[in-house]
Amino acid sequence: MKSSTKNKSIPEIKRVSKILKRLKKEYLVAKIALEFETPFQLLISTILSAQCTDERVNIVTKSLFNKYKKPWDFLNVSNQDLEKEIFSTGFYRQKAKSIKNCCKALAENHQSKVPADFDLLKSLPGVGRKTASVVAGNAFGIPAIAVDTHVIRLSNLMGFVNSKRPEKIEERLKEIFPEKEWINLGHYLMNHGRKVCIARRPKCLNCIVGEMCPSFNPTNK
C-alpha cells in the first residue's frame, strides 16, 4: 500500500514532508539497534526485545548466537537452559516458549528458513505484527512500519494520529508517508524518542521539529 493524499490537507502534506526531511537530516544513519547477521538472528532478537532494551538484547545474543545458530539448535536445548541464557531480558519463561514454538514452526513448515513474506512471518507462533514488521523491513527490505512504544508516543505527540492502537497508527503513517520511507521512518521516530522526545522529560527546546509539533512546550528544556 502506497501513501496517498487521502485524508491529507495541503498544509498537512507540507508539514509531514518538512518533518520527514528534518528527521532524515538529523538521523543520517537509519538502522535498527538490534545486532544481527541473518534474518533468523533478527527474528530471535526481536522476540527477546519485548519489554527489554536493545542494548540488553545485544549483550545476551552475543553469546546466545554462538551456541545456537539454527532453529533445531533452540529446539534441542532444554527449556531450563534456554531460560537461563535469556533470563536478563525479562519474561524469560514466556520468551523461551515463544522462541521454541517459533523455531518448531520454522523447522517443520519452512525448511528452517525465515520466510520473506509479511503474512507468513506474522503467522509464526510468538510473532506479532510489530515483530513481523521489524523482520520484514530490516532483514528483507519489505516496506513495513514497526510500531513500538516510541512510534506510538511520537505519532500522537506530533499530531499524525489520535490513537494508542498500533494497527491504526501503522495504517495512518502508511497513508501520510511515502512507501519508500516506511522502514526508515520507524528508525527516525525511535531515535528521536530515545534522544530528544523522551517520555516524561522531552527536550522540546532541542527539538528540530519543535515549531511543527502541536505538543511543543517551551518549558521542556
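Refer to the structure printed above.
Rules and cut-offs
Residues numbered from 1 in each chain as written. Predicted model: local features only at pLDDT ≥ 70, side-chain atom pairs only at ≥ 80, totals over all residues. Heavy atoms only, no water. Core = buried A, V, L, I, M, F, W, Y, C linked by side-chain atoms within 4.5 Å. Buried < 20%, exposed > 50% of the residue type's maximum accessible area, 1.4 Å probe, protein only. Helix = DSSP H or I, 4+ residues; strand = E, 2+ residues; numbered from the N terminus. Contact = heavy atoms within 4.5 Å. Salt bridge = Lys/Arg side-chain N within 4 Å of Asp/Glu carboxyl O.

(A) Inspection of the nonpolar core at higher detail. Counting 63 residues, the largest nonpolar core has Leu43, Ile44, Leu64, Phe74, Leu173 and Phe177 as its most contacted members. Counting residues per element, this core draws most heavily on helix H6 (residues 92–109), which supplies seven residues. What Leu173 contacts, discounting residues up to four positions off in sequence, is Ile145, Val151, Ser155, Phe160, Trp182 and Leu185.

(B) Just the environment of Gly137, in detail. Within the secondary structure, Gly137 is located in helix H8 (residues 129–140). Taking relative accessible area as the criterion, Gly137 reaches 7% and is therefore assigned buried. A C-alpha to C-alpha distance of 5.7 Å links Gly137 and Ile183, two positions 46 residues apart in sequence.

(C) Highlighting the pattern of salt bridges. On inspection of all chains with the given rule, the structure shows nine salt bridges. With a shortest N-O distance of 3.0 Å, Arg194 and Asp54 are connected by a salt bridge. Of the two residues, Arg194 is situated in helix H11 (residues 182–195) and Asp54 in helix H3 (residues 54–67); the sequence distance between them amounts to 140 residues. For Arg194, a relative accessible area of 36% corresponds to the partly exposed category. On the basis of relative accessibility, which here comes to 13%, the residue Asp54 falls in the buried class. Across the pair Lys67 and Glu85 runs a salt bridge whose closest N-O atoms are separated by 2.7 Å. Of the two residues, Lys67 sits in helix H3 while Glu85 sits in helix H5 (residues 79–86), which places them 18 residues apart along the sequence.

(D) Seen up close, the side chain of Thr46. Residue placement: Thr46 occurs in helix H2 (residues 39–48). Among the residues examined, Thr46 registers a relative accessible area of 4% and is labelled buried. Setting aside anything within four residues of it in sequence, one finds Thr46 in contact with Leu34, Thr131, Val134 and Val135.

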